[in-house]
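Commentary on secondary and tertiary structure
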Amino acid sequence: MALEEQCSAPPRWRSISLTHVEFPEGDLTGQVLAYISLLPIAILVGFVTLIVFKRELHTISFFGGLILNEGVNWLLKHILREPRPCAGAHSTLNTEYGMPSSHSQLIWFFVVYFFLFLYLRMHQTNNARCVDLLWRHILSIILLGIALSVSYSRVYLLYHTWSQVFYGGVAGSTIGIIWFYLTQEVLTPLFPKIAAWPISEYFLVRDTSLIPNILWFEYTVTRSEARNRQRKLGTKLQ
């Protein structure tokens, strides 16, 4: 009976605007760009996943910079109050203001910070070989292509003007550079102390900033431990 009453007088439904992206019907390019414009959301989800499973301080700091970047974007939008192009073109919007583009600002923060991490921090901790430099260059080109694609998608889909996307990229890049400097010069020296806090030990938060290649380190340690346990198990079975 209750279900029938709800169906007879249905409420007004709204979609979650955070992931709601519209594109022109029948426009394949627009559809592809709509999916590309969701990449900043995927980045945020990826960071949360990494933090939950890795609990590494530099990753947490990187994510903190992304959140700060989003806060600055919200503040700038409500100070400048510049409307989006083609008012009424989209039915669901997170905010009516478009200057600067939050998607552009987030993706350029991420990409610029990652560039600096690849070429400055990893350069300090690794003896760069040709193969290492090659994959860094390839990854940088891919990231640059992603940033340009996300930025272009916001203009193509009429969510922002070129100036809103451009200044979003400038703001994100600037904050990315500043946050990388603060992380390297101010926060990283504090990471060993933070990792030693009782609450950090309780939640298994760790500092890997002094390990040159964390992927290789985790691989070799895991492989060595697995072999030791396998050897002990084989001894017990005998």
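Now for a quick tour of the structure. Computed from a prediction, not measured in an experiment: that's the story for all the values here.

Where a protein is soluble and globular, its nonpolar side chains tend to be buried together. Ranked by size, the top nonpolar core spans 21 residues in total, and within it F47, L66, I107, F109 and F110 carry the most contacts. Among all residues touching F47, those that are not within four sequence positions of it are T59, F62, F63, L66 and F110. Residues L57, I194, A195 and V205 belong to the second largest nonpolar core, which totals 5 residues.

Following the criterion strictly, the structure yields 1 salt bridge and no others. Taking the shortest distance from any N to any O, the salt bridge between E225 and R229 comes out at 2.8 Å. Of this pair, E225 and R229 both sit in helix α10 (residues 214-237), 4 residues apart, roughly one helical turn. We classify E225 as partly exposed; its relative accessible area is 37%.

Tallied over the entire structure, the rule returns 14 aromatic pairs. A network of ring pairs unites the aromatic residues F47, F62, F63, F109, F110, Y113, F114, F117 and F180 as a single cluster.

Before going further, it helps to examine unusual backbone geometry. In this structure, R81 is a non-glycine residue whose phi angle is positive, near 55 degrees. Within the element layout of this structure, R81 appears in the loop between α4 (57-80) and α5 (102-125). Using a relative accessible area of 47% as the deciding quantity, one classes R81 as partly exposed. One non-glycine residue, L158, adopts positive backbone phi at about 65 degrees. Mapped onto the fold, L158 is located in the loop between α6 (130-156) and α7 (162-187).

Rules used in this analysis
- Residues numbered from 1 in each chain as written.
- Predicted model: local features only at pLDDT ≥ 70, side-chain atom pairs only at ≥ 80, totals over all residues.
- Heavy atoms only, no water.
- Core = buried A, V, L, I, M, F, W, Y, C linked by side-chain atoms within 4.5 Å.
- Buried < 20%, exposed > 50% of the residue type's maximum accessible area, 1.4 Å probe, protein only.
- Contact = heavy atoms within 4.5 Å.
- Salt bridge = Lys/Arg side-chain N within 4 Å of Asp/Glu carboxyl O.
- Helix = DSSP H or I, 4+ residues; strand = E, 2+ residues; numbered from the N terminus.
- Phe/Tyr/Trp six-rings, centres within 6.5 Å; stacked < 30°, edge-to-face > 60°.

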